[in-house]
Amino acid sequence: MRNDAQLAFYTCTPPCHSALMKTQVTIIGGGPSGLLLSQLLHVRGIDSVVLERKTKDYVLGRIRAGVLERGLLDLMREAGVADRMEAEGYPHDGTLISYGDEMFRVDFTKHTGHAVMVYGQTEVTRDLYAAREAAGGAIIYNVEDVVICDADSDTPYVTYTVDGKTARINCDFVAGCDGFHGVSRNTIPDNVRREYEKIYPFGWLGILSETPPVNHELIYANSERGFALCSMRNENLSRYYIQCSLSDSPSDWTDTAFWEELRRRIPADQAKKLVTGPSIEKSIAPLRSFVTEPMRWGRLFLCGDAAHIVPPTGAKGLNTAASDVHYLYNGLRDYYENDSTAGIDSYSAKALARVWKAERFSWWFSSLMHRYPDQSAFDHRIQVAELEFLRSNDAAQQAMAENYVGLPY
Ligand code: RFL
Ligand code: PHB
């Protein structure tokens, strides 16, 4: 195995920080992308250090994705962190789509031979932290002022401060896994970076409640009052969302107001079954489509939300982050195991080809399911026509199912 980086010559676990470390891959961001990459590299004997701006509890407190594609499941297996997911996750082989009181099902298994897994991002992240900790992996929390230096040279390094002390990591590569608000993307010079963005004129108000889910499958609802989604984490933990105004704040919505609004947006027979209870989390997420190109600059590689954002309607965010990790991990393996730069050289093009397809699907599904403030009666009739086409046409359902379970890597 190629090892021109030498393994870390200081074993440094928080809270002790050496002024200088050396590793093979410095990973900025301890969210799901960064942790998954770090664990996969570890399985192949490639050393990394993860720098996380927040604490572990903070990262685990964020309620986000709930639906995992098969590609991510395979990566979790390869990373050796799939046991709890296999035991506690819920395979879903279809989803429900409603408009008004009409509802139909898209059967994923029938159309693609595959299912998705309902298992929360929080649990994925918890499993990855546990594996990294068990392996003695270096994760440094509460880092500030991260700067990626000389990424366009063969000797990149990263500086940061923690507890007021500055430290430096010399490395072969830097993986920018630091989400939409991280520093990695902006390290790529303006004259190299191209950005594509679409902002949607609404948000999602989400709640988590310790109540049984209204249905054993997810319901995506297009109603005249706006979109709603009935999702879940387990038999006694439900996740619901309703489309809301961007000017709303979670405190504008009492639990009672949320439940009443949700009931109005889903078919009457489902609304009757809805079990309500106090929310244990309530938050608003804006909806955005965003892609930055290229995803590689010299020895810096962007992964996940650092490079792209999708509106959550198709459950593609975490899953697209996972496909980036797949391409980068295999590229780095190729470099260290076969002395080849082919994988890292094609990383940006391969990752972006799949990213754009996920962007298209998420944009399409969002456009189909939401009410837009400037939507005309004509626009609405087109939405209904498209929903009726999807309901009755096998080829349309197959295209939807293929995208939902995840396009192949
Ligand atoms: P993350 O999760 O944002 O993690 C980035 C980490 O980097 C840290 N960080 C820094 N660390 C060091 N130095 C800096 N300068 C740093 N700046 C930031 C942050 O603290 C953080 O810990 O990005 P990552 O790892 O790429 O993962 C992406 C996913 O989190 C995201 O795509 C999904 O959550 C999107 N998403 C969904 N995706 C799905 O695939 N299926 C779903 O069902 C789904 N539902 C959702 C979602 C996102 C949502 N919100 C809130 C945006 C539902 C919602 C409501
Ligand atoms: C979720 O359970 O949080 C969830 C599920 C499906 C989506 C988005 C979010 O499309």
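Residues numbered from 1 in each chain as written. Chains lettered and ligands numbered in written order. Predicted model: local features only at pLDDT ≥ 70, side-chain atom pairs only at ≥ 80, totals over all residues. Heavy atoms only, no water.

**Q** Looking at this model, I keep getting lost on the site of ligand 1. Mind explaining?
**A** Looking at ligand 1, there are 31 residues lining it, with Glu52, Arg62, Gln121, Asp305 and Leu318 nearest. Ser33 is positioned with one of its side-chain polar atoms (N or O) 2.7 Å from an oxygen atom of ligand 1. Between ligand 1 and the protein, one listed contact pairs an oxygen atom with a backbone N or O atom of Ala315 at 3.0 Å. For ligand 1, the protein covers 89% of the area, taking 1000 Å² as the surface of the free molecule. Those elements that place two or more of their residues in the shell around ligand 1 are helix H1 (32–43) and helix H10 (317–338). By residue number, the principal contributor to the shell around ligand 1 is H10, which donates 3 residues. Its residues assigned to classes, the shell around ligand 1 comprises 13 nonpolar, 10 polar and 8 charged. (Near = heavy atom within 4 Å. Polar contact = N/O pair within 3.5 Å; in protein donor to acceptor, adjacent residues only side chain to side chain. Areas by Shrake-Rupley, 256 points an atom, 1.4 Å probe, with all protein chains shown as cover. Helix = DSSP H or I, 4+ residues; strand = E, 2+ residues; numbered from the N terminus. Nonpolar A, V, L, I, M, F, W, Y, C, P; charged D, E, K, R; others polar.)

**Q** I tried to follow the sheet that holds strand S21 (residues 308–309) on my own but got confused; where do I start?
**A** As a general point, the strands of a sheet are linked pairwise by backbone hydrogen bonds and lie either parallel or antiparallel. Here we have 8 strands laid out as an open sheet, ordered S7-S6-S15-S16-S17-S14-S18-S21, and mixed in their pairing. The two strands at the open ends of the sheet, each matched to only one other strand, are strand S7 (102–107) and S21. Each of strand S14 (194–209), strand S15 (219–223), strand S16 (226–234), strand S17 (237–244) and strand S18 (279–293) touches helix H8 (residues 255–265); the most contacted strand, S17, lies at about 80° to it. Here helix H13 (residues 377–392) sits on the sheet and contacts strand S6 (94–99), S7 and S15; the angle it forms with S6, its principal contact strand, is near 145°. (Pairing = 2+ DSSP bridges. Contact = heavy atoms within 4.5 Å. Axes fitted to C-alpha atoms, helices over the stretch in contact; angles between N-to-C directions.)

**Q** Can you help me understand the pattern of salt bridges in this one?
**A** It is possible for side chains of opposite charge to pair when their charged atoms get near one another. Taken as a whole and judged by the stated rule, the model has 28 salt bridges. Between Glu86 and Arg77 there is a salt bridge; the shortest N-O distance is 2.7 Å. Salt-bridge contacts for Lys282 lead to Asp255; the nearest nitrogen and oxygen are separated by 2.8 Å. Taken together, the residues span a long stretch of sequence, with Lys282 in strand S18 and Asp255 in helix H8 at a distance of 27 residues. Judged by relative accessible area, which is 24%, Lys282 ranks as partly exposed. If you follow the salt bridges from partner to partner, you end up with Arg84, Glu88, Glu123, Arg126 and Asp127 in one network. (Salt bridge = Lys/Arg side-chain N within 4 Å of Asp/Glu carboxyl O. Buried < 20%, exposed > 50% of the residue type's maximum accessible area, 1.4 Å probe, protein only.)

**Q** Got a minute to help me understand the packing of aromatic side chains in this structure?
**A** Centre distance and the angle of the planes are the two values used to describe a pair of aromatic rings. All told, the structure shown has 23 aromatic pairs when counted by the stated rule. With centroids separated by 4.8 Å and ring planes inclined at 50°, the aromatic side chains of Trp204 and Tyr241 adopt a geometry described as tilted. Of this pair, Trp204 sits in strand S14 while Tyr241 sits in strand S17, placing them 37 residues apart in sequence. Since its relative accessible area comes to 3%, Trp204 is described here as buried. (Phe/Tyr/Trp six-rings, centres within 6.5 Å; stacked < 30°, edge-to-face > 60°.)

**Q** I'm lost on the site of ligand 2 in this one. Help?
**A** Taken together, 14 residues surround ligand 2, and among them Tyr220, Ser231, Arg233, Tyr241 and Pro312 come closest. A distance of 2.7 Å separates an oxygen atom of ligand 2 from a polar side-chain atom of Tyr220. Pro312 places a polar main-chain atom, nitrogen or oxygen, 2.8 Å from an oxygen atom of ligand 2. For ligand 2, the accessible surface in isolation is 280 Å², of which the surrounding protein chains cover 97%. Those elements that provide at least two residues to the shell around ligand 2 are S16 and S17. A per-element tally of the shell around ligand 2 places S16 first, with 3 residues. Taken together, the residues of the shell around ligand 2 break down into 8 nonpolar, 3 polar and 3 charged.

**Q** I'm lost on the domain arrangement of the protein chain in this one. Help?
**A** A common measure of how large an interface is: the accessible area buried when the components associate. Considered domain by domain, the protein chain is made up of domain 1 (4–90 + 118–196 + 289–364) and domain 2 (199–287 + 377–405). For domain 1 and domain 2, the distance between their C-alpha centres works out to 30 Å. Of the residues lining the interface, 22 residues belong to domain 1; the matching set on domain 2 comes to 20 residues. Carbon and sulfur atoms supply 61% of the area that domain 1 and domain 2 bury against each other, a total of about 1800 Å² over both sides. Contact with domain 2 buries area across many residues of domain 1, yet Ile63, Tyr90 and Trp364 alone supply 30% of it, more than any other trio. Where domain 1 meets domain 2, there are 0 salt bridges. Counting across the interface, domain 1 meets domain 2 through 7 residue pairs in polar contact (both at pLDDT 80 or more). (Domains from an automatic or database assignment. Buried area = accessible area lost by both parts, 1.4 Å probe.)

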